[in-house]
Amino acid sequence: MVKNITIFTSNTCAYCQMVKKYLGAKGMSYDEVNIDEHPHRQAEAMEMSGASTVPVTIVTKGDDSKEVVVGYNLAKLAPALT
Amino acid sequence: MSDNKIPEHDVVIVGAGPAALTAAIYTTREDIDTLLFERGVVGGLAAVTDKIDNYPGFPDGVEGLKLAGDLQKQAERFGAVIELGDITAIEDQGDWKLLKTTEGDMKARAVLIATGSDYKKIGVPGEEEFYARGVHYCATCDGAFYRDKRLVVVGGGNSAFQEALFLTRFASHIDLLVRSTVKASDVLEDEMQKFVDEGKVTVHLGTTTDEIIGEKGKGVTKVIGTKNGKKIEFPTDGVFVFVGLKPNSQFVANSKIVLDDVGFVKTNPDLETAVPGVFAAGDIRSGATMQIASAAGEGATAALKIREYLEVRPHPVQN
């Protein structure tokens, strides 16, 4: 069960829009951290993902375990949301 | 699942870039049931381009993301439906085309392939290893991670220049490695010259990119290149690669659709492929000019040809 979803995004990132669109189509709510508006949180995205890219989607499950999906990758995002 | 339950559409458009969305505007305005199926970004490469200066109707240019969003809204206004997923195969069944997808099978009376192309990789050591950890192919996605840092941009065409110009917002300095000579438009070259004059960009002509070097957990630290037979080191925090395009045509590999030597889809002057009822438009088409305006034009043409194709064929009965 999904407890919480956070997406790290930027203003110009088309793939970020796709992740938001995908979650919207599934009726799932999420928190968004825009690194252009909150540059100090960029390091958080890098630490969680190990990558210098957005989107980064953090899915927190009911048992507080976390799944991190880097990029717009439906093959990884879809199973992470179950 | 029985064959009866396979969803049917008059037209399935594979892709949702400018050619696909334009075609959908035309077909849905004529009440032709149209589904678009997209595995990546709605708007395609246009959506990940910072600024588009040569699409007609925008005297001051337009952000790629905005153009893509507006094309989508326009297509959806007339009833186009966009689903997300990947087409894995197309099978010609005569009046119907069977599409195998990651979301299940579907059938269409006509198909438009408008899957476009993706940026090529350079294929040098370090490129795979540091992917998304210092090596990038999307400036608008990843540029913000390089505030006040040094970058290398690889490529000498319009994309490389456009994206390098975008990256000047963030980077402290950019080394632009151009394998031969500059192929970018004069307008982009003139714009780049301003940053060269400021010392923010250095253009290295006749310079190959041979290796990307970094440290695990730290990312990229330098790029090794060659100019006039001499090895050169470029200290950097990241590398952005824009060295040309490769077609997204893998899913038709086992069909009767004919590809050219590079993998782009061959069509006749009506934009129809070797399989009747399957059309292609935009960057995926062999001979395409790789321009957004051309892709939109081809999308409109394909839609009109699809309409003609459907008009002379009675709606097939599903058994």
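In this text the structure is predicted, and so the values were computed from the model without any measurement.

Brief notes about the overall build of chain A
Looking only at helices and strands, one finds three helices and four strands in chain A. Reading chain A from its N end, one meets helices and strands in the order β-α-β-α-β-β-α. The C-alpha atoms of chain A give 12 Å as radius of gyration, which agrees with the globular expectation for 82 residues (12 Å, within 12%). When its C-alpha atoms are laid out on the principal axes, chain A stretches across 30 × 25 × 20 Å.

As for the interface of chain A and chain B
Listed by partner, the interface residues are 19 residues for chain A and 21 residues for chain B. At four residues, helix α1 (residues 14-25) of chain A tops the list of elements feeding residues into the side of chain A that touches chain B.

Quick notes on the pairing of strand β1 (residues 8-14) of chain B
Residues and elements named next belong to chain B. Of all seven residues in β1, five are buried; the element is thus mostly enclosed. Where β1 meets strand β8 (residues 106-113), six bridges bridge the pair, whose relative direction is parallel. Within the sheet, the bridge partner assigned to V12 lies in β8 and is V111. Bridging between β1 and strand β2 (residues 34-38) involves four bridges; their strand directions are parallel. Residue pairing across strands places V12 opposite L35, the latter belonging to β2. In this view, the connection linking β1 to its parallel neighbour β2 by way of helix α1 (residues 18-29) has right-handed handedness.

Describing the packing of α1(B) against helix α7 (residues 292-311) of chain B
Residues and elements named next belong to chain B. Across the interface, α1 lies against α7 with an axial gap of 7 Å and an inter-helix angle of 40°. With respect to α7, the axis of α1 lies oblique. Crossing angle aside, the handedness with which α1 passes α7 is right-handed. Side by side, α1 and α7 meet where P18, A19, A20, T22, A23, Y26 and T27 of the first sit next to I292, A295, A296, E298, G299, A300, A302, A303, L304 and I306 of the second.

A look at unusual backbone geometry
Of note, the amide linkage connecting A:V54 to A:P55 takes the cis form, showing an omega dihedral of 0°. Examined against the element boundaries, A:P55 turns out to sit in the loop between α2 (42-49) and β3 (56-61). Located in the positive-phi region is A:D64, a residue other than glycine, with phi close to 70°. With respect to the helices and strands, A:D64 occurs in the loop between β3 and β4 (66-70). Positive phi values are uncommon outside glycine, yet B:A132 reaches one of about 65°. Tracing the sequence through the fold places B:A132 in the loop between β9 (117-119) and β10 (135-136). We classify B:A132 as buried; it has 20 C-beta atoms within 10 Å.

With respect to the domain arrangement of chain B
As far as domains go, chain B holds domain 1 (3-118 + 245-311) and domain 2 (135-241). Summarising the inter-unit geometry, the C-alpha centres of domain 1 of chain B and domain 2 of chain B are found 32 Å apart.

Examining the sheet that holds strand β2 (residues 31-34) of chain A
Residue and element names in this part refer to chain A. If you walk across this open sheet you meet the four strands as β2-β1-β3-β4, and the pairing is mixed. Sheet topology places β2 and β4 at the edges, where each strand pairs with a single neighbour. Within this sheet the neighbouring strands show an average axis-to-axis angle of 15°, counted without direction. The pairing of strand β1 (residues 2-9) with β2 spans four bridges and is parallel. Note that in β2 the partner of F8 across the bridge is V33. Contacts from α1 reach β1 and β3, with the element oriented near 155° to β1. Of the strands in this sheet, β1, β3 and β4 are in contact with α2, which crosses β3 at around 70°.

Comments concerning the confidence of the model for chain A
Across chain A, the average pLDDT comes to 93, with 100% of residues at 70 or higher. Predicted confidence in chain A is weakest over helix α3 (residues 74-80) of chain A, with a mean pLDDT of 89, and strongest over β2(A), with 97.

Overview of the packing of helix α5 (residues 158-167) of chain B against helix α6 (residues 186-198) of chain B
Residue and element names in this part refer to chain B. Look at α5 against α6: their axes get within 10 Å of each other, and the N-to-C directions meet at 35°. Between α5 and α6 lies a crossing whose hand is left-handed. Each of N158, F161, Q162, A164 and L165 in α5 lies in contact with α6, whose residues at this interface are L188, E189, E191 and M192. In terms of residue class, the contact of α5 with α6 is built from five nonpolar, two polar and two charged.

Observations concerning the confidence of the model for chain B
The predicted model of chain B averages 94 in pLDDT, with 98% of residues at 70 or higher. Across the predicted assembly, pTM comes out at 0.85 and ipTM at 0.83.

Comments concerning α6(B)
Taking 1.5 Å as the rise per residue, α6(B) with 13 residues should run 18 Å; its terminal C-alpha atoms sit 19 Å apart, in good agreement. Within α6(B), only one of the 13 residues are buried, leaving the element largely exposed.

Conventions and cut-offs
Residues numbered from 1 in each chain as written. Chains lettered and ligands numbered in written order. Predicted model: local features only at pLDDT ≥ 70, side-chain atom pairs only at ≥ 80, totals over all residues. Helix = DSSP H or I, 4+ residues; strand = E, 2+ residues; numbered from the N terminus. Rg over C-alpha atoms; globule rule 2.2 N^0.38 Å. Contact = placed C-beta atoms within 7 Å. Buried ≥ 20, exposed ≤ 12 C-beta atoms within 10 Å, placed from the backbone. Pairing = 2+ DSSP bridges. Right-handed = clockwise from strand over helix to strand, strands pointing away. Axes fitted to C-alpha atoms, helices over the stretch in contact; angles between N-to-C directions. Parallel < 35°, antiparallel > 145°, perpendicular 65-115°, else oblique. Left-handed = near helix turned anticlockwise from the far one by under 90°. Domains from an automatic or database assignment. pLDDT = per-residue confidence, 0-100. Nonpolar A, V, L, I, M, F, W, Y, C, P; charged D, E, K, R; others polar. Expected span 1.5 Å × (residues − 1).

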